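# Coordinate inspection notes
Residue-level listing of the chains:
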Amino acid sequence: MGKNKKKELDHDVRMFKKYKNLLKELTMKNVKLKYRNSWLGILWSFIQPLLNMIVLSVVFGGIFGRHNKYIVCYPVFIFTGRLLFSFFTSSTKQAMTSFRRNAGILKKVYVPKYMYPLSSIFSNFVTFAISILCLICVWIFFKVTGLQGGSGLTITPYALLCFVPMFLLLVFSTGVGLILSVIAVYFRDVEYIWDVFCTLLFYMVPIIYPLQKITTDWTIALIKINPLYSMIELFRQCVLYGQIMSPRMLLYAAVVSVATLIIGIIFFNWKSDDIIFHL
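Residues numbered from 1 in each chain as written. Predicted model: local features only at pLDDT ≥ 70, side-chain atom pairs only at ≥ 80, totals over all residues. Heavy atoms only, no water.

The next subject is the overall build of the protein chain. Looking only at helices and strands, the protein chain has twelve helices and zero strands in total. When burial is assessed residue by residue, the protein chain has 48% of its 279 residues classed as buried. A separation threshold of at least 6 residues defines the contact pool for the protein chain, and within that pool the share at least 24 residues apart is 77%. Of the roughly 15,300 Å² of accessible surface on the protein chain, a fraction of 68% belongs to carbon and sulfur atoms. (Helix = DSSP H or I, 4+ residues; strand = E, 2+ residues; numbered from the N terminus. Buried < 20%, exposed > 50% of the residue type's maximum accessible area, 1.4 Å probe, protein only. Contact = heavy atoms within 4.5 Å. Areas by Shrake-Rupley, 256 points an atom, 1.4 Å probe, with all protein chains shown as cover.)

Laid out in structure tokens, this is it:
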């Protein structure tokens, strides 16, 4: 039994290496298609999160951002949370519909099926990485002008560790995306359910408000269980507060991310052979 598992693993690794260039091409294709027929093109990677930050800051700044000792600079606080959350929702939603969008190719050409949800997730990660440049510009703007408490922003070497929560979020999103991509083939309603769930999730993660504003113990516990909270908070500790990441929070986020990816791979391998019959 152990030998069979090892052979399967070796086969999967060889297949991934064989098709890695295809994965790269599919990823870049998805990036290009996202901004096809758009005048501004990839500039929307800068404009969209910037507009989101401005709107949310105007709407909620007077409630949560004014004279709040738990927030250094409210617009940057929102930007950091919204950026990571948007990557999670957009990548999982596109992974979920990846098989339906590529049904014609799947029925004609053999390609490892995981290439489609993976390319959807990786293309969103490319956009996410580009948006980090916008975050840097926003951070510098508020630091220089001192607006909205921007003078309290500090840069430390810990900011260089921001790639750690970004990577954990990528791993977590990949696991969730693999699971959703299979379920959506069998149950189309899951697309609408997931859309509603993501809307609710936005308010269940401290993106527009600090966790300290919550006074109900069970609500705080529910928020802390959510791995997205840990990843967003770890990112903020590096970028916004200039602090070392919480070891306990980092361990929790890492364990949940890896566990989700393993579950996603197992579930995907279990059901992927039947996908073609349900498209």
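That shown, we press on.
Taken as a whole and judged by the stated rule, the model has two salt bridges. Residue aspartate 195 is joined to lysine 93 by a salt bridge in which the shortest nitrogen-to-oxygen separation is 2.8 Å. Residue aspartate 195 is located in helix α9 (residues 190–204), and its partner lysine 93 is located in helix α4 (residues 74–96); the two are separated by 102 residues in the primary sequence. When its relative accessible area of 29% is taken as the criterion, lysine 93 is described as partly exposed. The salt bridge partner of arginine 100 is glutamate 191, with a shortest N-O separation of 2.3 Å. (Salt bridge = Lys/Arg side-chain N within 4 Å of Asp/Glu carboxyl O.)

Each pocket or cavity is described by its volume, and for the second largest pocket that value is around 330 Å³. The wall of the second largest pocket is formed by 19 residues, among which Lys34, Gln48, Ser86, Phe87 and Ser90 lie closest to the centre. Broken down by secondary-structure element, the contributors of at least two residues to the lining of the second largest pocket are α3 (44–65), α4 and α7 (115–145). With seven residues, α4 is the single largest residue contributor to the lining of the second largest pocket. (1 Å grid on protein atoms, 1.4 Å probe; cavity = no way out; pocket = protein on both sides within 12 Å on 5 of 7 lines; lining within 4 Å. Points joined across faces, edges and corners; volume = space filled by probe spheres on them.)

So, about the side chain of serine 119. Among the secondary structure elements, serine 119 is positioned in helix α7. Take serine 119: its relative accessible area is 3%, and that puts it in the buried class. Among the polar contacts made by the side chain of serine 119, one reaches the main-chain carbonyl oxygen of tyrosine 116 at a distance of 2.9 Å. Filtering out sequence-adjacent residues up to four positions away, serine 119 remains in contact with Leu23, Leu26, Thr27 and Asn30. (Polar contact = N/O pair within 3.5 Å; in protein donor to acceptor, adjacent residues only side chain to side chain.)

Another point: the environment of isoleucine 232. Within the fold, isoleucine 232 resides in helix α11 (residues 227–239). It is 8.8 Å that separates the C-alpha atoms of isoleucine 232 and valine 205, two residues lying 27 residues apart in sequence. In this structure, isoleucine 232 is in contact with Gly81, Leu84, Val205 and Ile207, ignoring residues within four places of it in sequence.

Within the largest apolar cluster, 62 residues are counted, with the highest numbers of intra-cluster contacts made by Tyr74, Val76, Phe88, Leu135, Ile208, Leu228 and Phe235. The set of elements that each furnish at least two residues to this core consists of α3, α4, α7, α8 (163–186), α9, α10 (217–225), α11 and α12 (247–271). Top contributing element to this core by residue count: α4, with twelve residues. Those residues in contact with valine 76, other than ones at most four positions away along the chain, are Leu135, Val138, Trp139, Phe142, Leu153 and Leu240. Leu23, Met115, Val185 and Phe268 belong to the second-largest nonpolar core, a separate cluster that totals 14 residues. (Core = buried A, V, L, I, M, F, W, Y, C linked by side-chain atoms within 4.5 Å.)

This brings us to empty space enclosed by the protein. Under the defined criterion, the tally for this structure stands at two cavities of 30 Å³ or more. The calculated volume of the second largest cavity comes to roughly 40 Å³. Forming the walls of the second largest cavity are Leu26, Lys29, Asn30, Arg101, Asn102, Tyr116, Ser119 and Ser120. Grouping the amino acids of the lining of the second largest cavity by side-chain chemistry returns two nonpolar, four polar and two charged. (Nonpolar A, V, L, I, M, F, W, Y, C, P; charged D, E, K, R; others polar.)

Before going further, it helps to spend a moment on the confidence of the model for the protein chain. Looking at the protein chain, the pLDDT average stands at 84 and 89% of residues meet or exceed 70. Across the protein chain, the element-wise mean pLDDT spans from 62 in helix α1 (residues 2–18) up to 94 in α8. (pLDDT = per-residue confidence, 0-100.)

Across all of its chains, the model carries twelve aromatic pairs by this definition. Each member of the aromatic cluster is reached from another via a ring pair, and the members are Phe88, Phe172, Trp194 and Phe197. If you follow arginine 236 out to its NZ or CZ, it ends over the ring of phenylalanine 77, 3.6 Å from the centre. (Phe/Tyr/Trp six-rings, centres within 6.5 Å; stacked < 30°, edge-to-face > 60°. Lys NZ or Arg CZ within 6 Å of the ring centre and 35° of its normal.)

When you line up the elements, serine 98 lands in helix α5 (residues 98–101). Of the residues examined, serine 98 reaches a relative accessible area of 0% and is grouped as buried. One polar contact links the side chain of serine 98 to the main-chain carbonyl oxygen of alanine 95, over a distance of 2.7 Å. Filtering out sequence-adjacent residues up to four positions away, serine 98 remains in contact with Tyr116, Pro117, Ser120 and Ser181.

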